[in-house]
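Here's the letter readout for the chains.
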Amino acid sequence: MNRAIGLHTHAVVHGVDGISILKVLTAAEAMKGQYSLESSLIWESWVPGAAGSINFDNGAGISINRIRDEGAIKPGDVIRLRQNSSLVSVLYRRGSKANTLFATEQCNSDCVMCSQPPRNEDDSWRVRELERTIELVDRDEVQLGVSGGEPTLLGDRLGHLIDHSGRHIPETVLHILSNGRALGNPALATQVAGRRLQHVVWAVPLYADVADLHDEVVRAPGGFKETLDGLYQLGRLGARVELRVVLHRMTVGRLPKLASFIYRRLPFVEHVALMGLEPMGFAKRNRDQIWIDPADYMSKLKETVFHLHNRGITTSIYNLPLCVLPTQLWPFAEQSISDWKNVYAADCEGCLVMGKCAGFFVSAGPAWRSRAVRPIVNEEHAA
Amino acid sequence: MIRSTALDAGGAQVLLSNDLGDYAILSADEFEAYKLAPDTMSLDRRRDLEARSLLAEDSERQWSQLEKAAFNTRKAFLLEGPSLHIFVVTLRCDHSCQYCQVSRASIHSGKHDMSYEDATLAIERVFESPSQTLTIEFQGGEPSIRFDLVRYIVERAKQRNETEGRKLSFAMVSTLHHLSDEDLIFCRDHEIRISTSIDGPPELHNMNRPNPGRDAWERTVSAVENTRKILGPEGVSALPTITRAALRNPEGLINQYRDLGFPTIFLRPISPYGFATKTRKAIGYDMADYLRFYDQALNYILDLNAAGEPFEETYTAILLRHILTPFHSGYLDLRSPAGAGLGVLVYNYDGRVFPADEARMAAETGDDRFAMGKVSDPFDVLMSSEAMRWLATGAVSEHLPGCRNCAFVPYCGSDPVYHATIHGDPAANRSGTEFCQKHTHIFQSLFRRIATADAETMRTFVSWAMQKPRESVPYCGWIDQ
C-alpha cells in the first residue's frame, strides 16, 4: 500500500523575513544560474533532513532543517516559508501531474458536492504569490492547474496571470478550473480568455442538459444559462474547452442525454472528464443527497462514454477504480487522483491492475467505496 | 420552428424536430399530451424536449447564442461559396447507355469538346469562388478521351493555386476504358480521385451500358484492377445506376460490389433527366418499386454489417450524418438553400455555365432557362443571373409548400433543379413528388430503426454517420430517442 505524500510539513526554519517563496535546487542545478540565488534554496543532499540557502548577495541566508516529512520536499519543488513559522508548504512539486495554483477561495457557485468549500473573504494577496510561484516553475513543465474558488472572479488579474505564465513558462499549458459564469460577459471573456489560446484549457463543470437540474447542483439560480453563455464566448474566441461532470446521484440520471447535449450544442469541446466523487467538504455534509454506488450507474456511464468517444470527443473517466468499471471502459480511465491524496484500499491486495488504477482519495473511507471494489486477479483482465 | 411528422401510416410514432436538427421520437400518447398539455408529460420526457429546444414555447422565444451557433454550423456550407467545379471536357463517349441519351455525343463528333480557351476561362471562374476548398471534377461524355485537356486543366489550376493557396483537389468520372498507364500515373501523381459506373453483374452491366465491343463489363473490371495497381486499392470507387432490371435482385448487385472489393455502394435511382419517355418505359419504374428495392438492399447491407463485414450504403450514410450529427454532410443535392450554383458550378463543353449537372442535361433538351451564362462572364455576373434568381425561388425548403411543415426538412434538401425539370417550377409543391416520396420513405424507415435501437444497427449507423471504420465503434453508445 502506498502512502499519499502531503503538501505541507514542518521543519526548523531560519532567516525568513515575512514570506519567502523559494525554488529548491541541487547545488549542480543552482550553478546553472537559471534562478537568482535569493530565490533559491540549495538542497544539501548529504545532510539528511536539511536544506539551506547560500545567499551570496546579502549573507543573510535562509535555511531549513530537521524536516519532519522528508519525502515532502525534493529538488525542483517550490516552497513557501513564513517568518516565525515551522510550516513548509509545497506550492509546486517537480514531476507531479497535479500541480495547481490556488487562485482564490471565493466562488459565485455553491456546489452541493464541492470538495473545496469557498470562503468569501478578501484573499487577493494570493495573486502576488502565484506570480512568484510561476516564475519558479520548471521551464519544461507540461501543465499547471489553476483552481479555486472561482478564478475568473479575479477578473483581468487572471488575464495578467496568464500573460505572466507566457513570459516565464511559455511552453506550459494552464488548466483553469472555472464555472465560466463570469465569461458570459463578452468584454471580460475577450480580455481574460482571448489570449494564449493554445496554452490555456478552460475546464468548465456542466452537470445537466437542462437548467433546473444543473442549477440544483450548483445551488445558483441562473447558473446553467450563465455557464452556457460563458461556453459560447469561449467557443467564439476559439479557446480550448474541457467539460467536467462530477458523477453523483443528482447528475447520473440524465448523463447520456448530457452527452448528446454537449455534442449538439458544444461540439467545439475537446475533452469531457467524467469524475467520481471526492468525499471532502460539502460532499461529506450532503452525502444523503448525492451518494450513489458507482456500480449502479455503470450502464449510463458506458452509454455516455461511447456517445462522446464515437463522435470524436476525447473522453476520460477520473477517480474511479478499474474494478468498478466494465472492461470496455478501462481504456478511458485515468490515474487522476493527485499523488498527495491518492491511496489504495486493503482490499486491493493481490490486484493485478493496481499499477494502472486510479485507486481512491485518501478521504474516501469504506462508506464511500463501491460494493464492486475487489482485486482483479483474472489474468485475462490484466492483459 | 418545431415540426412534426408521423413515422408510419397509423401515427404510432411521431417525429418532432426543429430547425437545428434536434429531434425526439414520441409515441402516439406522448404526442397527444405534447399537443394538448405538455405539463402532463413525464418530467424526464419534458426535460428531453427542453434540452433539445423542442418545447412548444421554444417557438416563441429568441434563440440562445448556442442555438444560433448550432443553426449556423448546420448551414455553414452557405457562406463557403461554390466548392465543386465540374468540367465537361467533352460530351463524346463510345458507350450508348440508354439512360444517358442527352449527356453524350457520338465518339466521332467534331463539335462536342471543350476548347482550350474556354478551359482557361473556366479556371479563372473556379478561383473567383470564395470557397477555401475547391474540387475540380472531370465529367463527360467520357473525359478520358480528352485527357490532354484534363492534364492542361490540372496543371494550370495547380499553378494558379500556388498564389491562391486554396485546398485544391481533383476527381474524375470515367468508364476507365481509355485511360492508359501513363494517364493513370498522372492521376496518381495529382491525386485525382476516380469513380466509375458498374451497374451490376455482367449481363446487366452490358445490357445497360453497350459499347462498340459489347464487352463493357469485362473491360471495366480489368481497368478497375489496373487502376488499383497504379493508384492503390482505394484509388477508384464505383456506383451503379439502378434500372428496372436491377430492382429484382438487390443482393446480387451488392454481392457484385463485394466480389469486386468495393466497401461501399451508392444506390441511386435512375435519373429522370436526359432520356426519352419511351426509354423510361423500358428501363424506368415507379418510385414505390425503387423504395421496395432500397429497403431490401438496406436490410441486406445491415445484416452484412451485423455479421461483421463493414459495407456502406453511401446515400443512407449521408442522411444519417444529417440526423445524428450537428453538421451537414456537404452533399450538394440535399441542401437548403440548394447547392445548385451556390455549391457547384458546371462548365459545359460549349462554354456555357450551369448550376448543376442536371441543369445542363435539361438545357440539352432545349430549355435555356437553366444556363447561368458563359465561361467568359465573371463569377458575380453568373451568380446574379436570371437562372439563379429563378432557381432561388425554390431553394429554401423551410419555406416551400410540402416541405415547410415536414419534420424531415432539417435533414433533407430543396433540389429546385429537379422540380423545375420535372414539374416546370423550381418552387413546385413538394408533397407527393417522387423526390418527396423517396425521402419521406427513407427518413421514416431510418427513424423507425433509430426508435427500435437494435445495437448492431446503431453501431453501423454511427460508424456511417461519423465516417469511422466499424471496428472503431465497438459499442454504439447513447442515441437520442
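It should be emphasised that the depicted structure is a prediction, and the values quoted were computed from it without experimental measurement.

Caption draft 1: Representation of the overall build of chain B within the structure. Secondary structure summary: chain B contains 20 helices and 13 strands in total. Since a compact globule built from 481 residues should have a radius of gyration of about 23 Å, the 23 Å found for chain B is in line with a globular shape. Along the three orthogonal principal directions, the C-alpha set of chain B runs to about 75 × 50 × 45 Å. Counting the 481 residues in chain B, one finds 46% classified as buried. Considering only intrachain contacts with a sequence separation of at least 6, the fraction spanning at least 24 residues in chain B is 68%.

Caption draft 2: Region of the structure containing helix α6 (residues 223–237) of chain A. Its 15 residues place the ends of α6(A) 21 Å apart at the C-alpha level, agreeing with the 21 Å of an ideal helix rising 1.5 Å per residue. Its buried side turned inward, α6(A) meets α4 (186–193), β12 (200–205), α5 (211–218) and β13 (240–246) of chain A together with α3 (65–74) of chain B. Just beyond α6(A), the residue with positive phi is A:G238, at close to 80 degrees.

Caption draft 3: Geometry of the interface of chain A and chain B. At the junction of the two partners, chain A supplies 25 residues and chain B supplies 20 residues. Contributions of two or more residues to the side of chain A that touches chain B are made by α6, α7 (255–265) and α10 (298–310) of chain A. The element that contributes the greatest number of residues to the side of chain A that touches chain B is α7(A), accounting for eight residues. The residue inventory of the side of chain A that touches chain B, partitioned by class, reads nine nonpolar, seven polar and nine charged.

Caption draft 4: Structural detail: the domain arrangement of chain A. All names here are of chain A. As assigned here, chain A comprises domain 1 (8–92) and domain 2 (100–382). Here the C-alpha centroids of domain 1 and domain 2 sit 32 Å apart. Every contact between the two is made by eight residues of domain 1 and, on the other side, six residues of domain 2. Listed by contribution, the elements that provide at least two residues to the side of domain 1 that touches domain 2 are β3 (19–26) and β8 (87–92). In terms of residue class, the side of domain 1 that touches domain 2 is built from five nonpolar, two polar and one charged.

Caption draft 5: Helix α15 (residues 357–364) of chain B, seen in detail. All names here are of chain B. For α15, the buried fraction is high: seven of the eight residues fall into the buried class. Turning to α15, the residues buried within the fold contact β4 (84–88), β11 (344–347), β12 (352–354) and α18 (416–423). Following α15 by one or two positions, G366 adopts a phi angle in the positive range, close to 105 degrees.

Caption draft 6: Highlighting the sheet that holds β12(A). Residues and elements named next belong to chain A. With parallel pairing, the seven strands of this open sheet are ordered in space as β9-β10-β11-β12-β13-β14-β15. The open sheet has two edge strands, β9 (100–102) and β15 (314–318), and neither has a second partner. Strand after strand, the sheet turns through a mean of 20 degrees between neighbouring axes, direction not considered. Bridge analysis of β9 against strand β10 (residues 143–147) gives three bridges, and the strand direction is parallel. Bridging across to β10, L101 finds its partner in V146.

Caption draft 7: How the structure looks around the sheet that holds strand β2 (residues 13–18) of chain B. Residues and elements named next belong to chain B. Sheet architecture is open: three strands sit in the order β1-β2-β3, paired in antiparallel fashion. The open sheet terminates on both sides in strands that have one partner only, identified here as β1 (2–6) and β3 (23–27). For this sheet the average axis-to-axis angle between neighbouring strands, irrespective of direction, equals 25 degrees.

Reading guide: rules and limits
Residues numbered from 1 in each chain as written. Chains lettered and ligands numbered in written order. Predicted model: local features only at pLDDT ≥ 70, side-chain atom pairs only at ≥ 80, totals over all residues. Helix = DSSP H or I, 4+ residues; strand = E, 2+ residues; numbered from the N terminus. Rg over C-alpha atoms; globule rule 2.2 N^0.38 Å. Buried ≥ 20, exposed ≤ 12 C-beta atoms within 10 Å, placed from the backbone. Contact = placed C-beta atoms within 7 Å. Expected span 1.5 Å × (residues − 1). Nonpolar A, V, L, I, M, F, W, Y, C, P; charged D, E, K, R; others polar. Domains from an automatic or database assignment. Pairing = 2+ DSSP bridges. Axes fitted to C-alpha atoms, helices over the stretch in contact; angles between N-to-C directions.

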